[in-house]
Amino acid sequence: MSRGKKSIIKLPAFALQAYLLLFLLAGFLASTPVAAHAQSAKKWAKRGQDAETRQDYDTAYEDYRQATLKNPKDMTYKAHFERMRFQAGVSHIDRGRVLRASGDLTGALNEFLRAREIDPSNQTAQQEIDQLQHPESGAAAVAPTPTATPQPPTRQSQMLQELNSVAGPIQLKPVSNDHITLKMVEDVKVIYQAIGKMAGLNVIFDPDYVSKRIPVDLTNVTLDDALRIVGTMSDTFYKPVTSNTIFVAQNSRTKRADLEEQAVQTFYLTNASQQSDANEVLTAIRNLMDPSTKINLVPSQNAIVMRATPDQLLLAQKLINDLDRARPEVVVDVAILEVNRDKVRKLGLALPQSVTLTPQASPTSSSSSSSSTTGTSTTSNFTLNSLAHFNSTNLAVGITGAELDALLTDADTHILQNPSIRATDGQRAQLKIGQRIPIATGSYNAGVSTGISSIGVQTQFTYIDVGVNIDMTPTVHYDDEVSLKMKVEVSSQQSSVTISGVTEPIIGQRIIDQVIQLKEGEPSILAGILTKQNNLNVSGTPGIGELPIFKYFFSSRDREVQQDEIVFLLIPHIVRESVLSRLNTRAIDTGTGQAIELRHVDADQAGMDLGNPGFVSSKPPSTGPATSAANAAEAMVQQMQKQAQPLTPPAPTDVVPSGPPVSFSVVPPASAQTVGSTFQVAVMLGNGRDVYSVPLQMQFNPKVLQLVNVDTGNFLGRDGQAVALVHRDDGNGLVTISSSRPPNVAGVSGQGSLCTLTFKAVAAGDSNLALVKVGARNSAQANLPAVGSQAVVHVK
């Protein structure tokens, strides 16, 4: 057997260098964090859950989106992704409204654009964008279509050409639009002709008109105003005959009916989803127009056709623009939380509870025979002899057994149902989750009616819905409040009972039927029901089983505590608004009671009115992330389980800023942070006296830290008031934060947490967290003296 020899391979120097380079590259890649695209769908979903817990809806939306892209067949990821899409869009809309209220229109537009990008189905974002970009609510310009290849004319094209050739109402086009100054006492015809010469118009008169002399004193008025003034003084009216010719006649209903031009126009309704909606618009227009006006509704086309004067048509267009509006829509987040707890404790020693004595004639005897080995036991009956010799052997004793109990059970059940319903203003919406159970409602004998007795009794059944049944009709008000006519029913089958041979289910119900009015985003408890039952059963030896110490050895105690709590909560969110502007609510001049005659203002004034419409309805500043009904239900149950604590009266506020300055301190985490971790930093306020609003700026190192979110603290809202918190990250490590209380409320005194900043460590190093600018104002909008501080965060 030959012995193996070790062989040594000698490599050139350049090969050793290549191997060394590959080794170092492999070590570098091993130390580099895994790329985001290499993460699994489960990891993305876990990151989304963590971000959702922090109420960082943007990050949660992106994480769930990645999870959905990784595993598009998993409907759980899809459901989380769609839910976070809605939450992220709403949060950006709320932030944009706060920025708009504070005057930052550019930042507000960016937030609205981001909301539309995240959730294109949320029409509120597009409405807010239109309000900022097109305050006059004008229609977008339509791009011209490219010229098509000439085609031979058809009958339809000729008809369209003829229709296009039909002229519309005559528009007066004077040669000069200069303001008119005229002072004279002359015949009406002379005055009209003088005004016509100044404007470059031809003036003709009705042959039946009888002129008269009137004084006229006009100074720097427009052509329309001059003609209106002269017509009022002379009781005349004019109508355009051509673009540069007017016809003047006596102002009477007969003459107007004979001379006023009539036009036909079709108005298409864009938001009338039901015929009743179109009928309401039609009725409003018909009641405001002259009874002789021809107006008709075409339900199949959702259109209104009208024949009237140009001014009447323009007035109808204005009314349709005001009344044919998109109905608001509401998403109601409902939470039904039921907590059941059943705690049983059974402990003790139960001695024999009973002794029985049974008399017998003679003890049990056994007999056997030689032919078999079978044994029998017989008991003889009592005789006079057995009674004469009755003794203890004739008594059979029966004693029950002793029992040692040591049992502890604790059952805690949480049932959370968190549906969301989207409904249109004034329209009924229903949601049913559960099952249908048959219930016997009656019976009849079919043999009586058919004459066949073998058919028997037939039972009739009906079905009822068991589970969660929600019936809701919302009404959205223009002050961003929502009225809800709501019926919430939670039912379940508890047991069954037999009635006349038919087993019927027993249904347990919890029903709320009421009408409430809430602000948008305001959580409300519909009902909180708490049922607590305490049962105690004691069994044992009388007397000795009731002694303080001996009761545990001579009795058994069975204690059961049952607790059942149920909370109904709902939170309405307006996802589509019906925005009103001054163009919708302003009054317009429609002439006299004899005829409708609109008065037009000059172009500069019209542009001024449209450029600043002054929207009537605007939402109040957001107080932070939207509240979830499920989270509110959990908090409500915890609040119901705690005992009420006495409230400490607030400290008196100071009218004049005095005393020590308001102090701001930064409280970072005590331990060093790792790269990729997320942590929170609190900004604490001390020495507060009637603090109403706080603006501040914090500087940090953007190469080490990245700002994730800013949440409000408990200081300014400790009395239950809503707090408006706005922050802006400029991207260079400077974040601006503004926190304020609602108008017309007092400030807060004392100390507490002002806000909480969430950072993400992106690189190793140290970062200063310095409050470079701090300030505070009281309820009288007076500045309070304030001082800031700084801290350091270590990232390894």
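What counts and what doesn't
Residues numbered from 1 in each chain as written. Predicted model: local features only at pLDDT ≥ 70, side-chain atom pairs only at ≥ 80, totals over all residues. Heavy atoms only, no water. UniProt positions renumbered as here; feature names shortened; annotations may be inferred. 1 Å grid on protein atoms, 1.4 Å probe; cavity = no way out; pocket = protein on both sides within 12 Å on 5 of 7 lines; lining within 4 Å. Points joined across faces, edges and corners; volume = space filled by probe spheres on them. Helix = DSSP H or I, 4+ residues; strand = E, 2+ residues; numbered from the N terminus. Nonpolar A, V, L, I, M, F, W, Y, C, P; charged D, E, K, R; others polar. Pairing = 2+ DSSP bridges. Axes fitted to C-alpha atoms, helices over the stretch in contact; angles between N-to-C directions. Contact = heavy atoms within 4.5 Å. Expected span 1.5 Å × (residues − 1). Buried < 20%, exposed > 50% of the residue type's maximum accessible area, 1.4 Å probe, protein only. Arc of directions from axis to C-beta. Patch = residues over 30% accessible without salt bridge, like charges linked within 9 Å, V, L, I, M, F, W, Y side chains within 5 Å. Areas by Shrake-Rupley, 256 points an atom, 1.4 Å probe, with all protein chains shown as cover. Salt bridge = Lys/Arg side-chain N within 4 Å of Asp/Glu carboxyl O. Parallel < 35°, antiparallel > 145°, perpendicular 65-115°, else oblique. Left-handed = near helix turned anticlockwise from the far one by under 90°. Core = buried A, V, L, I, M, F, W, Y, C linked by side-chain atoms within 4.5 Å.

The protein goes by General secretion pathway protein D in an unreviewed UniProt entry, where it is assigned to Edaphobacter dinghuensis. In its Sequence similarities (unreviewed entry) section, UniProt records this for the protein: "Belongs to the bacterial secretin family."

A. The arrangement of empty space enclosed by the protein in detail. Counted by the stated rule, this structure contains two cavities of 30 Å³ or more. Estimates place the volume of the largest cavity at around 60 Å³. Lining the largest cavity, in full, are V90, I93, D94, R97, N122, T124, E520, H573, I574 and V575. Counting residues per element, the ones that place at least two in the lining of the largest cavity are α4 (75–101) and β21 (555–576). The element contributing the most residues to the lining of the largest cavity is α4, with four residues. A class-by-class count of the residues in the lining of the largest cavity yields four nonpolar, three polar and three charged.

B. Structural context of the sheet that holds strand β2 (residues 202–205). If you trace the three strands from one edge of the open sheet to the other, you get β2-β5-β4, paired in mixed fashion. One side of each edge strand has no neighbouring strand; the edge strands of this open sheet are β2 and β4 (236–242). In this sheet, adjacent strand axes meet at a mean angle of 30° when their direction is disregarded. Alignment of β4 against strand β5 (residues 245–250), held across six bridges, turns out to be antiparallel. Opposite Y238, over in β5, you have V248 as the bridge partner. The sheet contacts of helix α8 (residues 188–199) involve β2, β4 and β5, and relative to β2 the element is tilted by about 160°. In the packing of helix α9 (residues 223–234) onto the sheet, contacts are made with β4 and β5, and the angle to β4 comes to roughly 135°.

C. Highlighting α9. Taking 1.5 Å of rise per residue, 12 residues should cover 16 Å, and α9 covers 16 Å from first to last C-alpha, within 8% of that figure. Buried within α9 are the following residues: L223, A226, L227, V230, G231 and S234. Summarising the axial view, the buried residues of α9 lie within an arc of 125°, below the 170-degree limit, and thus occupy one face. In this structure, the buried side of α9 is in contact with β1 (180–187), α8, β3 (213–221), β4 and β5. Phi for D235, located one or two positions after α9, is positive at around 55°.

D. A look at a nonpolar patch on the surface. On the surface, V355, L357, F382, L384, L387, F390, L395, V397 and I399 cluster together to form a nonpolar patch covering roughly 910 Å² of accessible area. Ranked by residues supplied to the nonpolar patch, first place goes to strand β13 (residues 395–399) with three residues. Structurally, F382 can be placed in the loop between β12 (372–378) and α13 (384–388). The class of F382 is partly exposed, set by a relative accessible area of 38%.

E. Seen up close, the packing of helix α2 (residues 41–53) against helix α3 (residues 57–70). Two elements in contact, α2 and α3, have axes separated by 8 Å at closest approach and are oriented at 160°. Considered as vectors, α2 and α3 are oriented roughly antiparallel to each other. Handedness of the crossing formed by α2 with α3: left-handed. Between α2, through A41, W44, A45, R47, G48, Q49, A51 and E52, and α3, the contact on the second element is made entirely by T59, A60, D63, Y64, Q66, A67 and K70. Taken together, the residues of the contact of α2 with α3 sort by class into seven nonpolar, four polar and four charged.

F. Local environment of the sheet that holds strand β7 (residues 294–298). Pairing is antiparallel in the open sheet, where three strands are placed in the order β6-β8-β7. What marks the edges here is a single partner per strand, and that holds for β6 (263–268) and β7. Averaged over all pairs of adjacent strands, the angle between their axes in this sheet comes to 15°, without regard to strand direction. Note that β6 and strand β8 (residues 303–308) share six bridges and pair antiparallel. Each bridged residue has a counterpart across the sheet, and for Y268 the counterpart in β8 is A303. Against the sheet, helix α11 (residues 275–288) engages β7 and β8, with an angle of about 175° to β7. On top of the sheet, helix α12 (residues 310–323) reaches β6 and β8; it is set at about 10° to β6, its chief contact.

G. Examining the nonpolar core more closely. With 35 residues, the main nonpolar core has M698, L757, F759 and L769 as its most contacted residues. Elements represented by at least two residues in this core include exactly β22 (662–667), β23 (678–699), β24 (705–712), β26 (734–740), β27 (748–761), β28 (765–774) and β32 (790–795). In contact with L769, other than residues within four places in its own chain, are V666, V681, M698, Q699, F700, L705, F759, S789, Q790, A791 and V793.

H. Examining the layout of surface pockets more closely. There is about 1400 Å³ of room inside the second largest pocket. For the second largest pocket, the lining is made up of 46 residues, of which Y238, D311, E597, L598 and H600 are closest to its centre. Among the secondary structure elements, those contributing two or more residues to the lining of the second largest pocket are α9, β4, β6 and α12. When the residues that make up the lining of the second largest pocket are grouped by side-chain class, the tally is 16 nonpolar, 18 polar and 12 charged.

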